[in-house]
Amino acid sequence: MRNLKLSASVFPGIIFFSCLLLYLYSTLLPFYTHSPTESHISLTPSTPAFSPSPPQCNLFHGNWVEDPSHEPFYDETCPFHRNAWNCLRNKRDNMGPINSWRWVPSGCDFPRIDPVGFLGLMRNRRIGFVGDSLNENFLTSFLCILRVADAGAKRWKRKGAWRGAYFPKFNVTVAYHRAVLLAKYEWQPKQSAPSDQDGREGIYRVNVDTPADDWVNITDFYDVLIFNTGHWWGPDKFPKEKPLVFYEAGKPILPLLGMHDGFKVVLKNMVSYIQKKVPSKTLKFWRLQSPRHFYGGDWNQNGSCLFDKPLEESQLDLWFDPSNNGVNKEARQLNLLIEEALQGTDIQVLDLTHLSEFRADAHPSIWLGKKDAVAEWGQDCMHWCLPGVPDTWVDILSEEIRYRLDSRQDFD
Ligand SMILES: *[C@@H]1O[C@H](CO)[C@@H](O)[C@H](O)[C@H]1NC(C)=O
Ligand SMILES: *[C@@H]1O[C@H](CO)[C@@H](O)[C@H](O)[C@H]1NC(C)=O
Ligand SMILES: *[C@@H]1O[C@H](CO)[C@@H](O)[C@H](O)[C@H]1NC(C)=O
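The present account deals with the structure reproduced in this document. Since this is a predicted model, take the numbers as computed values, not measurements.

Comments concerning unusual backbone geometry
(1) Moving on: Here the residue pair L254 and P255 is connected by a cis peptide bond, since its omega of -10 degrees sits within 30 degrees of zero.
(2) Moving on: If you check the backbone angles, L182 has positive phi at about 70 degrees while not being a glycine.
(3) Moving on: Note on placement: L182 falls in the loop between β6 (172–178) and β7 (183–189).

Take a look at the structure:
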């Protein structure tokens, strides 16, 4: 890797040169046609103009701009799709418009992922996602995009992975470990006498200090890890009759913790496990909450998301600010707790919440590929259509990885 430690005297020159490159690039850009395989400036360390150097270039703030030349990298034939998110196959309306919006961070442009360049950079390395189905949604997009660079990609499912793929051309593995609460939890049916009238069927025992089996032993297997949890922390998944009960060192924590406090304790313990067990040279990311877009009611109250364009920035607070008490307010609430738990760690925050908040138009909604799925489960205004918004998450993640690899020498 190139040595990027620059002496003070060359810095102004580099900055000037970068601005010049950026200017030239933006002037020339309109003359190139945009097609998924040809439009990328190759992401080598010799293009300093595109190294995001936070905070000048914050990839998480910006706007969605309509760009009809913007095309997805993959279609419904990608073998890594999950049926319910394969919106092209499920004939979802508006898939053209959904994918014609391009995320433009304010103050800087950033390139889409270059699958060949990225896999080349990751040669002989492994990337792991750990968390809930929104991280699986993210992984699915990633696999379908990377496959563009290696059609020989094969399914990979080892080491407790739920699913993943191996890219033989580059010897790269990308996989997802399902651990919805991150901590280990198990169902314990009620043992007590029928005279017990509390209405409980049992409890879910959460061992706050024990990572779930699915990822407890993979901490030094991956070179890059992306964590998340949050979407299961609500009464939908764990109602009163089947509550979470939090245990520490084998004993229930007393007084019993509510979901919110239990979330904090689990975060604290999982973050400290990661800090202790994951080698410091491993790149660690934590993805903030993916916002839901249920309109007119929650998922089980006929809430819908039949929008044909992104929300306006001025609408976001009304939807998501907890003080407005809307049905989708939990994303920002949980983010506060997550950011607090990550303070002072070497885990990088992937704040994909804000950019995703705009995209009320891009969920599977009623197009779930299965008869009666809507009647049974309601619309899906939580996961994302693929191709779709997670493709932008991939652009950002790959750029963050590239930037961090470029700026360190201990990653070999
Ligand atoms: C492939 O990558 C793994 C690490 O991800 C490494 O251990 C292995 O030696 C590599 N294989 C080859 C043939 O380079
Ligand atoms: C993880 O590794 C430890 C130590 O080798 C072992 O005792 C434990 O059974 C492993 N856990 C899982 C879930 O594989
Ligand atoms: C949802 O819509 C169905 C059909 O229109 C209706 O029967 C049902 O009562 C609605 N449920 C709620 C919670 O509004």
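Details of helix α6 (residues 259–277)
Along an α-helix, residues three or four apart share an orientation, since each turn contains 3.6 residues.
(1) Moving on: For α6, spanning 19 residues, the distance from its first C-alpha to its last is 26 Å, which sits close to the expected 27 Å at 1.5 Å a residue.
(2) Moving on: All of the buried residues in α6 are G262, F263, V266, L267, M270, V271 and I274. For α6, the arc enclosing every buried residue in end-on projection is 160 degrees, short of the 170-degree limit, so these residues lie on one face.
(3) Moving on: In this structure, the buried residues of α6 make contact with β7, β8 (202–211), β10 (244–248), β12 (283–287) and α8 (330–342).

Description of the site of ligand 1
(1) Moving on: Around ligand 1, the structure places N124, R125, R126 and N171.
(2) Moving on: In terms of residue class, the shell around ligand 1 is built from no nonpolar, two polar and two charged.

Considerations on the environment of N300
(1) Moving on: Along the polypeptide, N300 turns up in the loop between β12 and α7 (316–320).
(2) Moving on: A count of 10 C-beta atoms within 10 Å places N300 in the exposed class.
(3) Moving on: C-alpha separation for the pair N300 and Q379, spaced 79 residues apart in sequence, amounts to 8.6 Å.

Quick look at the nonpolar core
(1) Moving on: L146, V174, A183 and V266 are the most contacted members of the largest nonpolar core, which totals 92 residues.
(2) Moving on: Sorting elements by how many residues they give to this core places helix α4 (residues 133–146) first, with eight residues.
(3) Moving on: The residues touching A183, leaving out its near neighbours within four places in the chain, are V206, N207, V208, T210, P211, A212, V266, N269 and M270.
(4) Moving on: Ranked by size, the runner-up nonpolar core spans five residues in total, among them F294, C305, A360 and M382.

What counts, and at which threshold
- Residues numbered from 1 in each chain as written.
- Chains lettered and ligands numbered in written order.
- Predicted model: local features only at pLDDT ≥ 70, side-chain atom pairs only at ≥ 80, totals over all residues.
- Helix = DSSP H or I, 4+ residues; strand = E, 2+ residues; numbered from the N terminus.
- Expected span 1.5 Å × (residues − 1).
- Buried ≥ 20, exposed ≤ 12 C-beta atoms within 10 Å, placed from the backbone.
- Arc of directions from axis to C-beta.
- Contact = placed C-beta atoms within 7 Å.
- Near = placed C-beta within 6 Å.
- Nonpolar A, V, L, I, M, F, W, Y, C, P; charged D, E, K, R; others polar.
- Core = buried A, V, L, I, M, F, W, Y, C linked by C-beta atoms within 7 Å.

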